[in-house]
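What follows is the residue order along each chain.
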Amino acid sequence: MGIKNSIFEKIFFLLKFFYKPGQMGSVTPSSNYLARKMVGSVPWHTVNHLAELGAGTGAITKHIKKAARNEIKIMLFEKDPYMFKALKEAYPDFIILQNTLGLHEALTQAGIDHLDCIISGLPFFNFPHAYRTALLEQIVASLRDDGLFIAFQYSLQMKKQLSVYFNIDEIKFVPINIPPAFVYVCRKKHRQES
């Protein structure tokens, strides 16, 4: 699934990182350990609609596909044209789009009221503050009350900003990843909590 040749995948990731480090965030795709930690944080029996932001080469997507029930509607977002095309080929049953800032609009077009869970591999701290804020507002607007936002980051620098929008249920450290990562398991705040 995804970009199949792991050596090619790693070289591709490395080159993209050097040319566009703000977009990639890492020199290598997520490890299986990180992907399993992310996907294992999803209460699959309560999820009917899920999105993955920054699906990349499908390192986490393949674990989502294994864990998800067949009836779950899954949306993938990936900006890079090459990775976008590879995801379209690998996951024909998923809705695959490029513009993460159009998340809420994409839900409307797909006839989805809200998402139960959003999984993200986006390097939030690499983004300009205004873009990061706009993205988080799209995520919050797209999630149901108590919906989950599960995101990995390479530091704890996003904790303060995520706390504005979410209750952080847990932060899991994943040392077996390059670089080591933190998985934020966040729950959308009820309107009166904001």
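Within each chain, residues carry numbers counting from 1 in the order of the written sequence. Totals for whole chains, interfaces and linings use every residue, but because this is a predicted model, local features are given only for residues with pLDDT of at least 70 and side-chain atom pairs only at 80 or more, for both listing and counting. Side-chain measures here rest on the full set of heavy atoms in the structure, leaving out hydrogens and waters.

A word on the pairing of strand β4 (residues 115-120)
Next, step 1: Each residue's exposure class comes from its accessible area (1.4 Å probe, protein chains only) as a fraction of the maximum for that residue type: buried when under 20%, exposed when over 50%, partly exposed otherwise. The secondary structure listing takes helices from DSSP runs of H or I that are at least 4 residues long and strands from runs of E that are at least 2 residues long, numbered from the N terminus. Counting buried positions along β4 gives six out of six residues, so the element sits mostly inside the fold.
Next, step 2: Two strands pair if DSSP finds at least two bridges between them. Bridge analysis of β4 against strand β5 (residues 143-153) gives five bridges, and the strand direction is parallel. Paired with S120 across the bridge in β5 is A151.
Next, step 3: Clockwise travel from the first strand over the helix to the second, with the strands pointing away from the viewer, marks a crossover as right-handed. For the segment spanning β4, helix α7 (residues 129-142) and β5, crossover handedness is right-handed.

Here's the deal with the side chain of E52
Next, step 1: Considering the arrangement of structural elements, one finds E52 in strand β1 (residues 49-53).
Next, step 2: Although E52 is buried, it makes no salt bridge; K62 carries the closest opposite charge, 11 Å away.
Next, step 3: Working rule for contacts: check all heavy atoms of both residues, and any pair within 4.5 Å makes them a contact. Those residues within four positions of E52 in sequence are excluded, and the remaining contacts are I60, T61, I64, M75, L76, F77 and I119. Residues counted as positive are Lys and Arg, residues counted as negative are Asp and Glu, and His and the chain ends are not counted. Should a side-chain nitrogen of Lys or Arg be within 4 Å of a carboxyl oxygen of Asp or Glu, the pair is scored as a salt bridge.

A few points about the pattern of salt bridges
Next, step 1: Counting across every chain of the model gives four salt bridges.
Next, step 2: With a shortest N-O distance of 2.8 Å, D116 and R144 are connected by a salt bridge. With D116 in strand β4 and R144 in strand β5, this pair connects stretches of sequence that are 28 residues apart.

Some points on the sheet that holds strand β7 (residues 181-188)
Next, step 1: Spatially, seven strands are ordered β3-β2-β1-β4-β5-β7-β6 in an open sheet, and the strand pairing comes out mixed. Each edge of the sheet is formed by a strand with only one pairing partner; in this case those strands are β3 (95-97) and β6 (166-174). On average, each strand axis in the sheet is tilted by 15° relative to the strand beside it, whichever way the strands run.
Next, step 2: Axis lines are fitted to C-alpha atoms, over the contacting stretch for helices. Their N-to-C directions set the angle, which ranges from 0 to 180 degrees. Set on the sheet, helix α6 (residues 103-110) makes contact with β1, β2 (73-77), β3 and β4; between it and β2 the angle comes to about 145°.

Some points on α6
Owing to its 3.6 residues per turn, the α-helix brings residues three or four apart onto one side.
Next, step 1: Looking only at α6, the buried set comprises L103, A106 and L107. Buried residues in α6, looked at end-on, bunch into an arc of 105°, giving them a common side. When the buried face of α6 is taken as reference, the exposed residues oriented beyond 90 degrees from it are E105, T108 and Q109.
Next, step 2: Summarising the contacts, the buried residues of α6 are in contact with β1, β2, β3, β4 and α7.
Next, step 3: Count one or two residues on from α6 and you reach G111, which has phi positive near 75°. Here the arc refers to the set of directions running from the helix axis out to each C-beta atom.

Some details on the side chain of S41
Next, step 1: Of note, S41 is situated in the loop between α3 (32-39) and β1.
Next, step 2: Separated by 2.6 Å, the side chains of S41 and K172 make a polar contact.
Next, step 3: Here S41 is in contact with L148, I150, K172 and V185, once residues within four sequence places are set aside. Whenever a nitrogen or oxygen atom comes within 3.5 Å of another N or O atom, the pair is scored as a polar contact, on the condition that within protein one atom can donate a hydrogen and the other can accept it, and that pairs from neighbouring residues in sequence are kept only if both atoms are in side chains.

Quick look at the packing of α6 against α7
Next, step 1: Contact pair α6 / α7: the axes reach a minimum separation of 8 Å and the direction vectors enclose 30°. Here α6 is positioned roughly parallel relative to α7, judged by the angle of their axes. Of the residues in α7, those touching α6 at L103, H104 and L107 are Q138, I139, A141 and S142.
Next, step 2: Following the grouping adopted for this structure description, the nonpolar residues are Ala, Val, Leu, Ile, Met, Phe, Trp, Tyr, Cys and Pro, the charged ones are Asp, Glu, Lys and Arg, and the polar ones are all others, Gly among them. Across the contact of α6 with α7, the residue classes break down as four nonpolar, three polar and no charged. Angular relationships are summarised with four words: roughly parallel below 35 degrees, roughly antiparallel beyond 145, roughly perpendicular across 65 to 115, and oblique for the angles in between.

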